[in-house]
Amino acid sequence: MSPLLTVAAETENPLVPPIPELVIGLIAFVIVFDFLAKKLLPNINKVLEERREAIEGGIEKAEAAQTEAQSVLEQYKAQLAEARHEAARLRQEAQEQGATLIAEMRAEGQRQREEIVAAGHAQIEADRKAAASALRQDVGTLATELAGKLVGESLEDHARQSRVIDRFLDGLDEAASKAEATR
């Protein structure tokens with residue numbers, strides 16, 4: 001044998017532990033493993049189970065909150081649609097009332113204008129009659145004075161004077177009417 005092989009055979013393999021250490025290590029491992037399996041593993045499982053339940057409860061709560069938020073959103077959308085509908089209805093009513101008010105104001109203005117025009121025509125007619133009456137008196141007085149000067153005698157008889165003046169003016173009115181009719 002070569003000296004190297006004898007030295008290697010005599011020395012132990014550093015990778016293989018001695019048997020007593022291997023038995024003691026195995027017994028210690030079983031004791032630690034048994035302790036962990038009986039004491040720590042149930043506590044760890046308990047904590048993991050509580051965490052899983054908390055997460056599932058959180059998910060359920062989140063889903064419930066999401067469902068509630070969705071229902072609140074639907075209610076909000078319904079209320080918003082109702083408010084828009086109400087606003088459109090109020091706007092329509094306001095426009096109709098405005099149109100009605102404008103029509104009433106126009107009718108009232110038209111009525112007042114017609115009253116003013118009618119009052120103006122009545123006033124003009126009254127003024128025309130008063131002017132015609134005054135003019136008849138003045139024309140009658142002037143005609144009587146002129147006729148008295150031409151005839152040389154006084155025509156102071158009031159009844160006769162009125163008849164003469166009326167006949168004269170009626171003749172003038174008829175002549176004016178005929179002239180207008182021929183036009």
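Refer to the structure printed above.
From a predicted model like this one, the values you see are computed outputs, not experimental measurements. (Residues numbered from 1 in each chain as written. Predicted model: local features only at pLDDT ≥ 70, side-chain atom pairs only at ≥ 80, totals over all residues. Heavy atoms only, no water.)

Quick look at the packing of aromatic side chains
Geometry of an aromatic ring pair is reported as the spacing of the ring centres plus the angle between the planes. In total, this model carries one aromatic pair according to the counting rule given. The interplanar angle of 20 degrees and the centroid separation of 6.1 Å between the aromatic rings of F29 and F33 together place this pair among those described as stacked. Of the two residues, F29 and F33 are both situated in helix α2 (residues 19-151); the distance of four residues between them amounts to about one turn of the helix. (Phe/Tyr/Trp six-rings, centres within 6.5 Å; stacked < 30°, edge-to-face > 60°. Helix = DSSP H or I, 4+ residues; strand = E, 2+ residues; numbered from the N terminus.)

Some details on the pattern of salt bridges
Throughout the structure, instances matching the rule amount to eight salt bridges. K38 is the salt-bridge partner of D34, the closest N and O atoms lying 3.6 Å from each other. A residue pair is termed a helical-turn pair when its members lie 3 or 4 positions apart in one helix, as D34 and K38 do in helix α2 at four residues. Between R89 and E86 there is a salt bridge, with its nearest N and O atoms 2.2 Å apart. With R89 and E86 both in helix α2, this residue pair falls three residues apart, about one helical turn. We classify E86 as partly exposed; its relative accessible area is 33%. Residues joined in a network through salt bridges with shared partners are E49, R52 and E56. (Salt bridge = Lys/Arg side-chain N within 4 Å of Asp/Glu carboxyl O. Buried < 20%, exposed > 50% of the residue type's maximum accessible area, 1.4 Å probe, protein only.)

Interpretation in functional terms is not warranted from these geometric data alone.
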